[in-house]
Protein chains: 2
Amino acid sequence: MTEEAYLRDYDPKAFDSPLLSVDAVLFTYREGQLKVLLVERSNHPEMGKWGLPGGFVDLEADGTLEDTVIRKLQEKTGVVPPYVEQLSTIGNRSRDKRGWSVTVCYTALIAHQECETHIDTVSDAKWVNLKDLEKLDLAFDHKSIIAAGRERLKQKALYSIVPAYTLPEKFTLSDLQHVHEVLLGKPLQKKSFRRRIEQADLIVDTGEKSAEKGRPAILYRLKPEASRHTFIRNLEL
Amino acid sequence: MTEEAYLRDYDPKAFDSPLLSVDAVLFTYREGQLKVLLVERSNHPEMGKWGLPGGFVDLEADGTLEDTVIRKLQEKTGVVPPYVEQLSTIGNRSRDKRGWSVTVCYTALIAHQECETHIDTVSDAKWVNLKDLEKLDLAFDHKSIIAAGRERLKQKALYSIVPAYTLPEKFTLSDLQHVHEVLLGKPLQKKSFRRRIEQADLIVDTGEKSAEKGRPAILYRLKPEASRHTFIRNLEL
DNA sequence: CTAATAGTGTCTATTAGACATTATGTG
DNA sequence: CACATAATGTCTAATAGACACTATTAG
């Protein structure tokens, strides 16, 4: 048989295959707390429970898996997050009552203010502090996916500046240090933290200053290539 | 409708979904060269081309995605590799002529000698030097998946001892350093390399020695937890 | 002035890189 | 002995951590 004949007669439903979905762990930072976006499930299974934003690939609308996750996040937040990264893919027989199921999971980061207004208008999406997650009963294995996303972000805090994407476009070094400290669960030396970022040349002075209590702080902006930089030496745990 | 009723009537083929497969980039090291396992495709599409070992989830036989990839690797090599790690999941409309397709990719490492005999008996699987890959025309996007796996392994060489799994169970520090040097494409300082491994306490002296030309070298074995260790400081690029 | 927070100066202990030296095998 | 490779000793420049200090705003 030629390949042409094979493709002409190919039936994608001839073989049983796992259910395939996409899920996103969207983090943000506000007032000293890391938060994750949860949505209320409006359909079976696990209807009424809260879980991660996500869904199925739309074979017409989506060109890639990343298109799918971005489309889903935009539906819930109104905006496209500035940082999206694949986390891991989980597939097994037991995670979904419908049967063998695979989910391609992503971690995404966004500034709280970016999607504040949109989320405030809907009742089926909300930010939940990571600290408050333990009490909740989430759909499927979403709690462990969030834990994996949080662990990945913690690792990123050790060797990159990626956690900065949880902050507004213009941010202070103090805020950035606080995000890292929350992720790592320990205080960092101000001088060391600033030295490594300055040496890596990852941010630019916007010329503006924050207007808080005490001495105003310089507002910086990430350089476009900042997310790809990895420090030679990690912060210590 | 209750969840029970929903699940009873659930039809997994009601909606169009992408084709889902699993692929593995299996690396080994022999005589100064990194090699990757390729298999010849015996079915359409891309029949006759060489590509990565992989295939479809068997909903009956496989409990998890990792079961699938290990089953496929065992079919081709006769053994289960000591190191298997998820690489990334690639899904888009164009990578497979059959339509929207998703592949969950893994990186795996094994000692060349472990599967030498089995591979020598089959004609549809072979080791290919990474250096010789450029000339070949592989199936689907497998060449770029191999490049991603190689890049991941290079990163691991910078901050972990994971490349040791390309070596036999008992190996010398010189051999390990050579693997790292090939991955990084630059020579390393012997003293520095040994110091960091000794300090991290990742290997044990087997008491045996290698029998090559020159002074015999101590044969070491990896500690079980060695794959999880990350050095605080990376090797420099 | 004080309080509060931002930002800098500087000492020191640690350590990776460099490379010289010693050790242990074979013929 | 020479030769080859393994393994170690040791100097030095670089630097992260620690923390004291100075700077800049508000009131």
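We now turn to the structure provided with this report. Note that the structure is a prediction, hence the values are computed from the model and not measured.

### As for the protein's contact with DNA strand D
(1) Moving on: Residues in close proximity to DNA strand D total 21 residues, the closest being Arg195 and Arg215 of chain A together with Lys190, Lys191 and Ile218 of chain B.
(2) Moving on: Within the side chain of Lys190 of chain B, an N or O atom sits 2.6 Å from a base nitrogen of DNA strand D.
(3) Moving on: Within the backbone of Ile218 of chain B, a nitrogen or oxygen atom sits 2.7 Å from a phosphate oxygen of DNA strand D.
(4) Moving on: Counting only elements with at least two residues in the surface near DNA strand D, the list comes to helix 6 (190-200) of chain A together with helix 6 (190-200) of chain B.
(5) Moving on: Residues belonging to the surface near DNA strand D are distributed by class as follows: four nonpolar, six polar and 11 charged.

### Re the packing of aromatic side chains
Think of a pair of aromatic rings as described by two things: how far the centres are apart, and how the planes are tilted against each other in angle.
Residue and element names in this part refer to chain A.
(1) Moving on: If you walk through the whole model with that rule in mind, you get four aromatic pairs over all chains.
(2) Moving on: With centroids separated by 5.4 Å and ring planes inclined at 25°, the aromatic side chains of Tyr83 and Tyr165 adopt a geometry described as stacked. Taken together, the positions of Tyr83 in strand 5 (residues 83-92) and Tyr165 in the loop between helix 4 (142-159) and strand 8 (170-171) put the pair 82 residues apart, joining distant regions of the chain. With respect to burial, Tyr83 and Tyr165 carry one shared label: buried.
(3) Moving on: Positioned above the aromatic ring of Trp50 is the side chain of Lys126, whose terminal nitrogen or guanidinium carbon lies 4.1 Å from the ring centre.

### So, the protein's contact with DNA strand C
(1) Moving on: Taken together, 21 residues sit near DNA strand C, with Lys190, Lys191 and Ile218 of chain A together with Arg195 and Arg215 of chain B positioned nearest.
(2) Moving on: Each atom of DNA strand C within 4 Å of the protein belongs either to a base or to sugar and phosphate, the latter forming 57%.
(3) Moving on: The separation between a base nitrogen of DNA strand C and a polar side-chain atom of Lys191 of chain A is 2.8 Å.
(4) Moving on: Taking Arg215 of chain A, its side chain carries an N or O atom lying 3.0 Å from a base nitrogen of DNA strand C.
(5) Moving on: Residue composition of the surface near DNA strand C, grouped by class: four nonpolar, six polar and 11 charged.

### Description of the relation of the copies chain B and chain A
(1) Moving on: Laying chain B over chain A is done by rotating through 180° and shifting 0.0 Å along the axis; what remains is an RMSD of 0.0 Å. Between the two chains, the operation in question is that of a two-fold axis. By C-alpha distance to the rotation axis, the residue of chain B lying nearest is Arg233 of chain B, at 2.1 Å.
(2) Moving on: A shared binding surface is used by both copies, with 100% of the interface residues of chain B retained as interface residues in chain A.

What counts, and where the lines are drawn
- Residues numbered from 1 in each chain as written.
- Chains lettered and ligands numbered in written order.
- Predicted model: local features only at pLDDT ≥ 70, side-chain atom pairs only at ≥ 80, totals over all residues.
- Heavy atoms only, no water.
- Near = heavy atom within 4 Å.
- Polar contact = N/O pair within 3.5 Å; in protein donor to acceptor, adjacent residues only side chain to side chain.
- Helix = DSSP H or I, 4+ residues; strand = E, 2+ residues; numbered from the N terminus.
- Nonpolar A, V, L, I, M, F, W, Y, C, P; charged D, E, K, R; others polar.
- Phe/Tyr/Trp six-rings, centres within 6.5 Å; stacked < 30°, edge-to-face > 60°.
- Buried < 20%, exposed > 50% of the residue type's maximum accessible area, 1.4 Å probe, protein only.
- Lys NZ or Arg CZ within 6 Å of the ring centre and 35° of its normal.
- Least-squares fit on C-alpha atoms with pLDDT ≥ 70 in both.
- Contact = heavy atoms within 4.5 Å.

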